[in-house]
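# Results of the structural survey
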Amino acid sequence: MAIRRRDFLKWAGIGGLSITVSPLLSHTMKAFNILQGGEAYAYYLPTEFKYSMCGTCDNNCGVILKLVDGVVKEISGNPADELSSGGQGKICVKGQSAMRNLYDPDLLKKPLKRTNLNKGKDEDPGWVAISWDEAFTLIAERIRNAIDTVGPRFVLGLLRPTEVPMHFVDAIGTPNQVCHVDTCYITHDVAWWATLGVNKSRTLELEEATYLLCFGYDMPGKSKMAQLNGFLAARGKGAKIVVFDPRLSVTANMADEWFAIKPGTDLAVVLAMIQVIINENLYNAAYVSSYCYGFDELAAHVNSQGYTPEWAESICGIPADDIRRIAREFAASERPLSPAYKRDVGGPLYANSFSFCQAQIILNALVGAFERVGGFWIPRMPATPPSLAAFAPSKVNYPPKDGNIRVDGQHLFPSVTKAIGGGKKSKGNFSHLADGLRRARLGEPFPDGTPSYPVKVIISHSYDSHSFPNPDTLVAELCNPDIFLVVIDTIPSNIGWLADVVLPETWWVEIKNNFGTTDQHSLWNRMYLRDGVGALWDRKGFSAMVNGILNKLWPGQFDIDWGTLNLQRMRNVIGLGPTEDPVAWLRAHNGIWENKVYPPIPQNLANLGTPSKKIELYSQRLAQDGHEPMPVWHPKLTERSAADEFYVVTNHTPYHRMNKNRNDYLIMDLQPENLLYIHPDAAAMFGLKTGDYAWISSPTGKTLKIRVKVIKGIRPDTVMTEHGYGHFNRNLRVAFNKGINDGDLLPESTVSESLRRYPYNAAMGSAILDTVIRILGKA
Amino acid sequence: MARKVLLIDSSLCISCRACQVACKVWNDLPAEPGMQEGRCDLPPRLTGTRYTVVKDYEHQNGSGKISLLFFKDQCRHCQYPICAKVCPLKAIEIKPTGAVVIMGNKCNPSRCRTRPCERACIYQVPKFNQELGKMRKCTLCFNRISDGSGRATACADACPTGAISFGDYSVMVQKAYERLNDLLPKYPNARLYPGQNGPCGNTSVLWILTESLSAYSLLIGR
Ligand code: SF4
Ligand code: SF4
Ligand code: SF4
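The helix and strand inventory of chain B stands at 7 helices and 10 strands. Computed over its C-alpha atoms, the radius of gyration of chain B comes to 17 Å, within 12% of the 17 Å expected for a compact globule of 222 residues. Referenced to the eigenvectors of the C-alpha coordinate spread, the extents of chain B come out at roughly 55 × 40 × 35 Å. The proportion of buried residues among the 222 residues of chain B is 60%. Across chain B, every contact between residues at least 6 apart in sequence was considered, and the portion connecting residues at least 24 apart equals 57%. The distance from the centre of the 30 positive side-chain charges to the centre of the 17 negative ones in chain B is 7 Å.

Listed below in C-alpha cells is the structure:
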C-alpha cells in the first residue's frame, strides 16, 4: 500500500495502538485538509513559526518549526545557530523526518497495559489502554513491593545519566542505572578522564583544522550537521584529509587518501605514528613541556616496545612508508587534528579500543591539538547549573543507595565509576545486562565472589533491546515473568513489545516552555528555546511521569515542579530577574542564548583535573587502578580463520537515527532493508550478485538472510551492514520485519570476559565489532 | 519572475537523500513500498511518484582509485523541451522561471494514449502516475518559488551540504563555472552537465560532475 500523509485518516482507524481515535482524528483532519491537493491550501491558513532544538540526534541543532493551522508542516535549521550548520539554516534528513514521526499513526498515544502474560517476540501483548492514574498506581505498587520485600536495588533503570532519570533512581535508592555508553562512548569518557581529567569531549573545531587524520570517523556519512559542516568547511579550505576505514565511507570518499585498514588494527598505526613523531622530534616541544606529563616515559615506552612503522605494517598491512609519511605530514601541518566521535574506532568496537582511544588523545596532544583553534576543546558545558540542589533543596533528601553491587558488574571497574563522576552518575553497561540478569536468575555470584540478586522491576526510557549486541539473550531474560517491565517511549519499540506497561512520552517537537543545551559540539555555551506544539493525544513528558510514580510512592516528598524549575534555570543562565519571562526573551533573541568565547584558551590546560594537573601521556590514574598507564598493543580478540569468515563492520545510514525514525514511511522508501556490502572477490566465492539474498551466520549461531550489494570499496575480508532494521514489534506497521537487526550478528560480552581484559580495558567497553561472521551461501 | 537555475554540485553530495524526501513532502507523493532502490538494485529510477532520485555509482579510475559518485537525477528543464513539442494536448508549459511543467488539468494520457512526452524525452523523465492517471515529473517547484517568499526549491532547501543551490540564471551559471575551476585541480575529469548547445537548447538544471559522463551512466554528448 502506498502511504502518504493524507492517508493518515484511513490509517488511524485500523488495529494496532490507535486506541483513542478522536484526538488523533482531529490532528489528522487538519493534516488532511492542508495536504490534499498540495501546499496551495496552506497559503490562506494561519502560519506560525516556533523555535526549538532538534532532539532526533545528539547534534541538537537549532531549528524552526513552521506550523500551518497548528500542524507542523516544515522543520528547517535556525540560521542563528552558528555551530550546527554554520549559520546556513540547514538541518539533516533525520531532523526533517521528525514532523512525520510526530504525526505517525503508530505513535504511542495512551498508557497501555499488557493482558497476555506470556511474553515473546510472537506473543501479542493484548494491549488495553489505561489511565495515567492507573498506570502510576500499578508501577508504584510493583516498586513498593520490590523495595519492601527485597530492597531498592531490585529496581533497575535503563536510563540515560541525565538529571531527571538520576533524580528518579536516587529517590528510589537503587544503584542500578544502566545505560548504553559501553556500546557507544564509554572509552572516550574514561580515556579523557585518565589523560585530561575531564569527561569526554566532542567539542572539536573541525572547520579550522588543516589536516584531518580520521580513523573510521564517518560523521558526514551519518549526516550529523555540526561535524558534517565542520568537515566540509575544512575540506573547502584545503585541509588534507586522510581516512583509515575498512570500507570506502562517505568521509573516505571525500578524503585525499583512503587506507582500507584491517578492522581492529588502527592502534598499531597510531602507536607507530607516535613513535615517528617522537623519534624525529616532530612534536610541539613547547606545548608538550608546558602542558604534558610523562613524555619521557612515553618516548621510552614506544621505543622499548618497538612500535615502528615496519612493525605496524606487519600487523595492519599498510606500508610502513605511508605510515611514516603521514605521521610527518600530520605533525608538520599548521593545525593538525585526529577527530573522534563516539562510536568510531576510539569507541568500544574492539578489545583494544580503549588503548586506541588513549593513543589517539596522545597523538593529538603531541601536536598541541587541545585548546587550540582547529582542535579539541575542553568541554564548555554545562551552561545551566545542576540546579536541583539550588532550587529545590528540600526535595533532594535522597535515601542512601542500597549498596553498590550492580547487576551489570560496574562495581568491578573502579575507573569507570570514577570517570563518570565518582559514583554520582551511573552509566552502566548494556552489554553486561543480559549476563547480569542471567547470573541473578541462576543465583550465581559475580566473579569476585559477591552475591548477585534478581531484579524485580525494570524501567526503560527511550532505549531499545534492538541496540544491544545479541539482543535475543536480553529478550529472553526480559520475558522472565518475575520481572515487571515498564517501557517509556514515543514510538513502539521492540523492548516495548515485551513490556507490562508502556507509557507514551512526548516527542521533542512537542516540548514547550523549556530549553535544551548540548555538549556535543558546544564550542561555547548555548541554550536553545524549546517552544514546540505541546503534548498531543494523551502523552506526557518524562519528568511528569517521574513525578507521577514518585508521588504514588512517597506523596510530595520528591515532587519537583520541573516546569517552574526550568524557567528559573533559564532566567539564571540568561541573567533575568525573577519576574521576567525567559521564553519571551529567547523568542526575541532568535531562540538562542549564547556566550561566545573565542578563540580557545590554552591556559585552560594549566590546571587540569589529573593528578599532575597536566595532560597525562602517562596516566597515573590508570596505573593506580591496575591498568596499563600507557597504550600497549593488544590484538583484537577474533581473527579470521577460514575463507568463509569475514570481519564485520556496521554503519548508520545517513537517513536513520538509530531506531527513532524507523517508522517514517518516506525514509523506509529510501531503503526498505539493510544490505550486506561485500567485495567482488568475496561475492564470487559464493556466486553472489548485487540484489541476491545470502544466508549468513553470527558467532552466536544465528542464521539470517540478508540482501547483498557488491562493492569494490571494501576489504575482501570484511563485510558491512547497517543499523536500524529488523524490528519485531508489530505495532510498527512501516518498520516491522524489514531487513535484519545488525545486533543479531554481534556477540554480547560478559562480566568475566571484560574482567579478563581488565589491564587494558579500563572502560569495560563491549568490543562490539570484535567478531567474525560466516557467509553460508546464496539464499 | 526571471529565469532560474538549479545547480547540483556532485562533489558536495553525501547521498543523504534529504532532497529526495523533501521533494516527496512538497509534492505530497506517497512512498513506494517494496522497491529496493536506495542503495541496491541499480539503477534506481524516476517514477510517477518520485520526481527526483539520488543514484550512486562506484567508479574506478585508470590508476585504480575507487570513488563513489552521486547523481541526483531529475528533469533538466530544457529551453526548447521536446516533451512540450510532442504533446498533442499542449499540456506541457514553460513557466517564466524556465520550469517545464506538465499541467495536471490538461494532461490526459488516456486521450493521447502513447505517452509521447516520455518517449520523446532524451532523458526519459516524464512518468505515468497510476493514482492520478497523469504524467508527472519535477516541476522545478514553480508553485513554491512563485509566492514571492524568495524560497528555493524544496530539494535545495533540504540539502544539508549546499550541494544543491538555486538562483537567477546568470548568477548561477557563473557560479557553476567558478566552482568547476576550483574543482579541476583535484578532479581533472570534472565537467558541467548537460551540454548547453543541443537541439533542446540550454537547461535550467545544471550539474557539476567530478568524473566522465560514462562513469555516471549518462549518455555522452547530451
Ligand atoms: S544532525 Fe539532524 S537529527 Fe541531528 S540534531 Fe541536527 S537536524 Fe537533528
Ligand atoms: S525542484 Fe521541486 S519538484 Fe523538482 S526535484 Fe526539486 S523538489 Fe522535486
Ligand atoms: S540532499 Fe544534497 S547531499 Fe543529500 S543526497 Fe540530495 S544533493 Fe546529495
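This part is about the overall build of chain A. Scanning chain A for helices and strands turns up 27 helices and 25 strands. The C-alpha radius of gyration computed for chain A amounts to 26 Å, which stays within 12% of the reference 28 Å derived for 779 residues, consistent with globular compactness. With the C-alpha coordinates of chain A rotated into their principal frame, the extents come out at 70 × 65 × 65 Å. Taken across its 779 residues, chain A has 66% of its residues classed as buried. In chain A, the share of contacts with a sequence separation of at least 24, taken over all contacts with a separation of at least 6, comes to 74%. Taken as a whole, chain A presents about 24,400 Å² of accessible surface, with 52% of it coming from carbon and sulfur. On chain A, the mean spot of the 81 positive side-chain charges and the mean spot of the 79 negative ones are 3 Å from each other.

Let us look at the packing of aromatic side chains. According to the stated counting rule, one finds 23 aromatic pairs over all chains in the structure shown. On the numbers, 5.5 Å between centres and 45 degrees between planes, the contact of Trp132(A) with Phe136(A) is tilted. Remark: Phe136(A) and Trp132(A) occur in helix α6 (residues 132-149); sequence separation between them is 4 residues, near one turn of the helix. Both residues of the pair, Trp132(A) and Phe136(A), count as buried. Ring plane angle 45 degrees and centroid distance 5.7 Å describe the contact between Trp377(A) and Tyr598(A), whose orientation is recorded as tilted. Here the residue Trp377(A) occupies a position in the loop between α16 (353-366) and α17 (388-391), and Tyr598(A) occupies one in the loop between β18 (592-595) and β19 (615-616), the gap between them amounting to 221 residues. You can call Tyr598(A) partly exposed: its relative accessible area is 37%. Three or more aromatic residues joined by ring pairs make a cluster, and in this case those are Tyr57(B), Phe71(B), Tyr193(B), Trp207(B) and Tyr216(B).

This next bit is on the pairing of strand β13 (residues 457-461) of chain A. Residues and elements named next belong to chain A. Burial within β13 is extensive, with 5 of its 5 residues counted as buried. The two faces of β13 match: Val 457, Ile 459 and His 461 on one face and Ile 458 and Ser 460 on the other face are all buried. Relative to strand β14 (residues 484-489), β13 is paired through 5 bridges, and the arrangement is parallel. If you follow Ile 458 over to β14, its bridge partner there is Leu 485. Between the parallel pair β13 and β14, the chain is carried across by helix α20 (residues 471-478), and the sense of this crossover is right-handed.

The rules we used
Residues numbered from 1 in each chain as written. Chains lettered and ligands numbered in written order. Predicted model: local features only at pLDDT ≥ 70, side-chain atom pairs only at ≥ 80, totals over all residues. Heavy atoms only, no water. Helix = DSSP H or I, 4+ residues; strand = E, 2+ residues; numbered from the N terminus. Rg over C-alpha atoms; globule rule 2.2 N^0.38 Å. Buried < 20%, exposed > 50% of the residue type's maximum accessible area, 1.4 Å probe, protein only. Contact = heavy atoms within 4.5 Å. Lys, Arg positive; Asp, Glu negative; His and termini not counted. Charge placed at Lys NZ, Arg CZ, Asp CG, Glu CD. Areas by Shrake-Rupley, 256 points an atom, 1.4 Å probe, with all protein chains shown as cover. Phe/Tyr/Trp six-rings, centres within 6.5 Å; stacked < 30°, edge-to-face > 60°. Pairing = 2+ DSSP bridges. Right-handed = clockwise from strand over helix to strand, strands pointing away.

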